[in-house]
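One-letter residues, chain by chain:
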Protein chains: 2
Amino acid sequence: MTTGPAKPPIRDALVAAAFQLFPERGYDQTTVDDIAALAGVGRRSFFRYFPSKEDVVFPDHERSLADMTAFLAAGPDDEDPVERVCEAARLVLRLYADDPVFSVQRYRLTKQVPGLRTYELSVVRRYESALAHYLRGRFADRPDNALRADVLAASVVAAHNNALRGWLRSDGEGDAAAAVDHALDFVRRTWSPDTGDGSPGAAATEPDDVVVVIAKRRTPMWRVVRDIESALADD
Amino acid sequence: MTTGPAKPPIRDALVAAAFQLFPERGYDQTTVDDIAALAGVGRRSFFRYFPSKEDVVFPDHERSLADMTAFLAAGPDDEDPVERVCEAARLVLRLYADDPVFSVQRYRLTKQVPGLRTYELSVVRRYESALAHYLRGRFADRPDNALRADVLAASVVAAHNNALRGWLRSDGEGDAAAAVDHALDFVRRTWSPDTGDGSPGAAATEPDDVVVVIAKRRTPMWRVVRDIESALADD
């Protein structure tokens, strides 16, 4: 189903057998023995590759979690941490986008089986924890660093999943990477406001002239920002 | 364990029995029959109140979820939706803060039993979905309303849980409500920038004079905001 140089053929065969049987017999009615038999191996071989039947549904997440953790740890200290966690989320997206047929099939299966939804929640939670752990370190010298890290990690995961779910619901049509980029950009703009109104390119190429904003002291900050943004948008 | 006029005594007795047995025998070794017997009722009575053994560990969440959904639905259309979801999160906090002994006991149990952690993730996910559902409606006329709703809901839940976990880890010492208020204020400041630097009162009581900000067009928005904030903070 998914291929790669690091994966032994038996592992792939087990995943392929599982995803052949689940639609035919139903997830709950398919046993580990059924899967192993169709893959041409014994029950014990199955458990050499997967701790449980649920794990064969999400065969790449352990490796992906390890990849993400390594990617975060390798980040240079002068890189914007918000940018780094967004890039980490894009790594996870690739796992889905690289194999749309498998991803959509699994999405439909997961929607039908409550146990798989719960399993998926635990997986998502582990990604979120990995992001939060990295951010706590990067925010160590800022007030509320753990709070800041947890909220940002949750925001990145929610944005990623919003875009991913939209793509899966549309049967893997369209550009998943573009959708996730858009969603992550939304988070990045909320958290790194120096990219302004979402058109940083435009602002950066404007001439170096001056904007004057006059506001009553009681004016809410959002209104001041809005006024500045429209001043910047006008020629 | 928890008391209230709406709860029949048998339900309370089952919860009390369960939380007496879990530390004595271990969660996995305690059966529904054991719990029912100690509460002085039959197995069938147990299942009249709780669908499973896991549910007796979180006896109030179904009602709390219903309360939160009703609270969100009853919100006036002119109320700031960010404020409304923060207030909804405070409702959930009260569930924990009103009974610190029970909450801490459950926290310790949940940490030890993977199945309960997974169960709790599903509960948290349902709170988050309720918040996101409300926000999608309130943001209906804004671009990216679903994305905005999902990310904000996740932020509120992450902030709430960060504060709640800190309080539970400290064995329920200190003011849980104050900790959650602080965490939610962090989210509110990120999302409703009109509260500016977190001291909205100060700005609101200032005289109605004028602040002039002059910025080069290329100045990042965050720097403009920072300059305005320090101008507002100065006398």
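Here the structure is a predicted model, which means the values were calculated and not measured.

Cut-offs and rules
Residues numbered from 1 in each chain as written. Chains lettered and ligands numbered in written order. Predicted model: local features only at pLDDT ≥ 70, side-chain atom pairs only at ≥ 80, totals over all residues. Heavy atoms only, no water. Helix = DSSP H or I, 4+ residues; strand = E, 2+ residues; numbered from the N terminus. Areas by Shrake-Rupley, 256 points an atom, 1.4 Å probe, with all protein chains shown as cover. Axes fitted to C-alpha atoms, helices over the stretch in contact; angles between N-to-C directions. Parallel < 35°, antiparallel > 145°, perpendicular 65-115°, else oblique. Left-handed = near helix turned anticlockwise from the far one by under 90°. Contact = heavy atoms within 4.5 Å. Nonpolar A, V, L, I, M, F, W, Y, C, P; charged D, E, K, R; others polar. UniProt positions renumbered as here; feature names shortened; annotations may be inferred. Salt bridge = Lys/Arg side-chain N within 4 Å of Asp/Glu carboxyl O. Buried < 20%, exposed > 50% of the residue type's maximum accessible area, 1.4 Å probe, protein only. Expected span 1.5 Å × (residues − 1).

Time to look at the overall build of chain A. Assigned secondary structure in chain A consists of 12 helices and one strand. For chain A, the sequential pattern of α-helices and β-strands runs α-α-α-α-α-α-α-α-α-α-α-β-α. Working note: accessible area of chain A is about 11400 Å², and carbon and sulfur atoms make up 52% of it.

Residue and element names in this part refer to chain A. Relative to each other, helix α1 (residues 9-25) and helix α2 (residues 32-39) sit at 125°, their axes nearing to 8 Å. Considered as vectors, α1 and α2 are oriented oblique to each other. Every pair of crossing elements has a handedness; the one defined by α1 and α2 is right-handed. Packed against α1, whose contacting residues are Ala-13, Leu-14, Ala-17, Ala-18, Gln-20, Leu-21, Phe-22 and Arg-25, the element α2 presents Asp-34, Ile-35, Ala-36, Leu-38 and Ala-39 at the interface. Its residues assigned to classes, the contact of α1 with α2 shows 10 nonpolar, one polar and two charged.

The next subject is the UniProt feature "DNA-binding region" (unreviewed entry) in chain A. Mapped onto this structure's residue numbering, the UniProt feature "DNA-binding region" (unreviewed entry) falls at residues 31-50 of chain A. Across residues 31-50 of chain A, helical content stands at 75% and strand content at 0%; the span's end C-alpha atoms are separated by 13 Å.

Residues and elements named next belong to chain B. Within the fold, Phe-47 resides in helix α3 (residues 43-49). Here the alpha-carbon distance between Phe-47 and Val-32, two residues 15 residues apart in the chain, equals 8.8 Å. With sequence-adjacent residues up to four places away left out, Phe-47 is seen in contact with Val-32 and Ser-52.

It is possible for side chains of opposite charge to pair when their charged atoms get near one another. Residue and element names in this part refer to chain B. Evaluated as defined, the whole model comprises 30 salt bridges over all chains. Measuring nitrogen to oxygen at the nearest pair gives 2.8 Å for the salt bridge that ties Arg-136 to Asp-150. Here Asp-150 lies in helix α9 (residues 145-169) and Arg-136 lies in helix α8 (residues 114-138), a separation of 14 residues in the sequence. Assessed through its relative accessible area of 32%, Arg-136 is described here as partly exposed. Asp-150 gets classed as buried once you look at its relative accessible area, which sits at 7%.

What follows deals with the environment of Asp28(B). All names here are of chain B. With respect to the helices and strands, Asp-28 occurs in the loop between α1 (9-25) and α2 (32-39). Counting along the chain gives 25 residues from Asp-28 to Lys-53, while the straight-line C-alpha distance between them is 9.7 Å. Discounting residues that sit within four places of it in the chain, Asp-28 has contacts with Lys-53 and Val-113.

Despite not being glycine, Asp144(A) has its phi angle at roughly 55°, a positive value. Its place among the elements puts Asp144(A) in the loop between α8 (114-138) and α9 (145-169). Phi at Asp171(B) is positive, roughly 60°, even though this residue is not glycine. Looking at the secondary structure, you find Asp171(B) in the loop between α9 and α10 (176-191).

Residue and element names in this part refer to chain A. With 25 residues, α8 should cover 36 Å at 1.5 Å per step; its first-to-last C-alpha distance of 36 Å lies within 8% of that length. Those residues of α8 that sit buried are Leu-116, Tyr-119, Val-123, Tyr-127, Glu-128, Ala-130, Leu-131, Ala-132, Tyr-134 and Leu-135. Packing partners of the buried residues in α8 comprise α4 (53-57), α5 (61-73), α6 (81-97), α7 (100-112) and α9.

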